[in-house]
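What follows is the residue order along each chain.
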Amino acid sequence: MNTAEPHDRVPAGSTDSGGGRRVDGDELVAYDRRHIWHPYAGALGDAPLFPVVSAAGVRLRLADGRELIDGMASWWSAIHGYNHPSLNAAARRQLDAMAHVMFGGLTHPPAVELARRLVDLTPKPLQRVFPADSGSVAVEVALKMALQYQRARGRDSRTRMLTVRGGYHGDTFAAMAICDPDGGMHSLWSGALPEQLFAPTPPSGFDRPITEDDTAALAELLTKHQDEVAAVVLEPIVQGTGGMRFHAPAYLRRVRELCDEAGVLLIADEIATGFGRTGAMFACDHAGIAPDILCVGKALTGGYLTMAATLCTDEIAETISRAHGAFMHGPTFMANPLAAAVAVASIDLLVSGPWQERVAALESGLRTGLAPARELPQVADVRVLGGIGVIELHEPVDMARVQPAFVERGVWIRPFGKLVYTMPPYVMGGADLAEVTGAMVDVVGTVHPAPGR
Ligand code: PMP
């Protein structure tokens, strides 16, 4: 219901949120700074903070009326853009039927329809779907599945994970333990986390030829710790939050072979890469391999609601179930019907549209638009794959200066560390994309100080 009073003048710092409610941006930010935690942020309220009141297509609207072209797709998730009529309609329809019901002993159409789509879309061996409430939880579920599977087979000593440096898998404790131990966001926790095994970062470059040397250290770790390792876990093709690095499909194929030779499971974390972002529906498709366990999230609901899923093979599901009767995990909001209904609509929208062409157009626009950054003294590397464009600097970004500079340019880009990167909604047109890449090159060149080298 629209309860707004009619007003013909928007007070300074205020605007209409789109639902008829007036929003005082300054008041919002003041209260937020005093009381609310933000992701990876301190509580002393000194970082730049911008109030958003609505979003449509590829644009975010700030409380003061400014519009920003969104280069982040809400951290890889809003692939169709904001306020999409089909996704809105799916949410409304489901809301009228039921927003939520427990999943223990009950099922519902959105869960079944979503599972059907995930089973059809992902590599063939993955036939079982565990709906989870966030990416981190999907990773926890995947690790628990691998452990329970090994235990079910009587291999009780296989309790460790082997992963690669430079990875990122989430913020819960088991997920943190497989994130990069040094450069990652969780080095604070060393000593408090289970000690997992780390092979070197995969060699950089999607097109790079792969030799035995590139996987030798991983192979050696697998041989040395064969009786301890339950699974190898990695982000296939793109290491996201751990450094936005790309590696070759041949590397992934070799890891699959090594897992088979050692009899350990392969867990692919496609929470960031899934649903077309790298130019293939799943990053594993570049290599033509199937993992034993797959995590998806982020773009699953088109960025509308929190939901993720862990898929596994029949063999894993049946082995666990025969030995232990049950897989011991079951969150309150498992398979939330509202999120599942939107996920179904998002997948249908994706597969019925020209997503390959759109991602290819993003790739070509990103290559052209970011190329001038290569000439800047601040820049160490520029790389593009599918709908992902990265400028890596020599020095960490000064967020207090860089973040407002992007907003002044009418673009939403959220750098971290040495990385200024974008993964736009797939629906972003060429002109908007050129604005985003132009702003990235300009802001990097003019705002960030050149290193003294
Ligand atoms: N795995 C990967 C590869 C991710 O990129 C992320 C999120 N950045 C996660 C797991 C964790 O997902 P969530 O933030 O939904 O918990």
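Participant: It is not clear to me how the overall build of the protein chain should be interpreted in this structure. Could you clarify?
Facilitator: Per the secondary structure count, the protein chain includes 14 helices and 18 strands. Over its C-alpha atoms the protein chain spans a radius of gyration of 22 Å, differing by no more than 12% from the 22 Å that the globule rule assigns to 453 residues. In terms of principal-axis extent, the alpha carbons of the protein chain reach across some 70 × 60 × 45 Å. By the burial criterion, 51% of the 453 residues in the protein chain qualify as buried. Contacts in the protein chain between residues at least 24 apart in sequence constitute 71% of all its contacts with a sequence separation of at least 6. On the protein chain, roughly 19900 Å² of surface is accessible, and the fraction owed to carbon and sulfur atoms is 53%. With 39 positive and 51 negative side-chain charges, the protein chain shows a separation of 1 Å between the mean positions of the two kinds.

Participant: Explain the side chain of Gln148 here, please?
Facilitator: Locating Gln148 in the fold gives a position in helix H5 (residues 135-152). Apart from residues lying up to four places away in sequence, Gln148 is in contact with Ile320, His324, Ala326, Phe327 and Met328.

Participant: Just to check I follow, could you spell out the sheet that holds strand S15 (residues 379-385) for this structure?
Facilitator: The strands that make up a sheet are held in pairs by hydrogen bonds between backbone atoms, and each pair lies either parallel or antiparallel. Spatially, 3 strands are ordered S15-S16-S18 in an open sheet, and the strand pairing comes out antiparallel. In this open sheet, the two edge strands, each paired with only one partner strand, are S15 and strand S18 (419-422). In this sheet, adjacent strand axes meet at a mean angle of 10° when their direction is disregarded. Sheet analysis places S15 next to strand S16 (residues 388-393), joined by 6 bridges and oriented antiparallel. What sits directly across from Val384, in S16, is Gly389.

Participant: Looking at this structure, I do not really get the sheet that holds strand S12 (residues 265-269). What am I missing?
Facilitator: Across the sheet, 7 strands lie side by side as S6-S14-S13-S12-S9-S7-S8; this open sheet has mixed pairing. This sheet does not close on itself; its edge strands, each paired only once, are strand S6 (126-132) and strand S8 (197-199). The mean angle between the axes of side-by-side strands here comes to 20°, regardless of whether they run parallel or antiparallel. Relative to strand S13 (residues 293-296), S12 is paired through 3 bridges, and the arrangement is parallel. Counterpart to Asp269 in the pairing with S13 is Cys295. In this fold helix H8 (residues 249-262) packs onto strand S7 (160-164), strand S9 (229-234) and S12, with an angle of close to 170° to the strand it touches most, S9. Its contacts with the sheet put helix H10 (residues 314-324) on S6, S12, S13 and strand S14 (308-313), and the angle it makes with S14 is roughly 85°.

Participant: Just checking my understanding: could you explain the site of the ligand for this structure?
Facilitator: Close to the ligand lie Ser134, Gly135, Ser136, Tyr168, His169, Gly170, Glu235, Thr241, Asp269, Ile271, Ala272 and Lys298. Measuring from a nitrogen atom of the ligand, one finds a side-chain N or O atom of Asp269 at 2.6 Å. Lys298 is positioned such that a nitrogen or oxygen atom in its side chain is 3.0 Å from a nitrogen atom of the ligand. With the chains in place, 81% of the 390 Å² that the ligand exposes on its own is no longer accessible. Counted by class, the shell around the ligand contains 3 nonpolar, 6 polar and 3 charged residues.

Participant: I would appreciate a short explanation of the state of the cysteines in the present structure.
Facilitator: Here, the word disulfide means a covalent bond between the sulfur atoms of two cysteines. A complete count under the given rule lists 0 disulfides for this structure. Not engaged in a disulfide, the cysteine Cys259 finds its nearest cysteine sulfur in Cys284; these two sulfurs lie 11 Å apart. With relative accessibility at 0%, the residue Cys259 sits in the buried group. Here Cys295 is not cross-linked by a disulfide; its sulfur's nearest cysteine counterpart is in Cys312, at 11 Å. By relative accessible area, which is 1% here, Cys295 ends up buried.

Participant: Would you mind going over the packing of helix H4 (residues 109-121) against helix H11 (residues 337-352) with me for this structure?
Facilitator: Each packed pair of helices is defined by two parameters, the angle between the axes and the distance between the axes. Here H4 crosses H11 at 40°, and the two axes come no closer than 8 Å. Between H4 and H11, the angle is such that the two are oblique. The handedness of the crossing between H4 and H11 is left-handed. Here Pro110, Ala111, Glu113, Leu114, Arg117, Leu118 and Leu121 of H4 lie close against H11, whose contacting residues are Pro337, Ala340, Ala341, Ala343, Val344, Ile347, Asp348 and Val351. When grouped by side-chain class, the residues that make up the contact of H4 with H11 number 12 nonpolar, no polar and 3 charged.

Criteria and thresholds
- Residues numbered from 1 in each chain as written.
- Predicted model: local features only at pLDDT ≥ 70, side-chain atom pairs only at ≥ 80, totals over all residues.
- Heavy atoms only, no water.
- Helix = DSSP H or I, 4+ residues; strand = E, 2+ residues; numbered from the N terminus.
- Rg over C-alpha atoms; globule rule 2.2 N^0.38 Å.
- Buried < 20%, exposed > 50% of the residue type's maximum accessible area, 1.4 Å probe, protein only.
- Contact = heavy atoms within 4.5 Å.
- Areas by Shrake-Rupley, 256 points an atom, 1.4 Å probe, with all protein chains shown as cover.
- Lys, Arg positive; Asp, Glu negative; His and termini not counted.
- Charge placed at Lys NZ, Arg CZ, Asp CG, Glu CD.
- Pairing = 2+ DSSP bridges.
- Axes fitted to C-alpha atoms, helices over the stretch in contact; angles between N-to-C directions.
- Near = heavy atom within 4 Å.
- Polar contact = N/O pair within 3.5 Å; in protein donor to acceptor, adjacent residues only side chain to side chain.
- Nonpolar A, V, L, I, M, F, W, Y, C, P; charged D, E, K, R; others polar.
- Disulfide = S-S within 2.5 Å.
- Parallel < 35°, antiparallel > 145°, perpendicular 65-115°, else oblique.
- Left-handed = near helix turned anticlockwise from the far one by under 90°.

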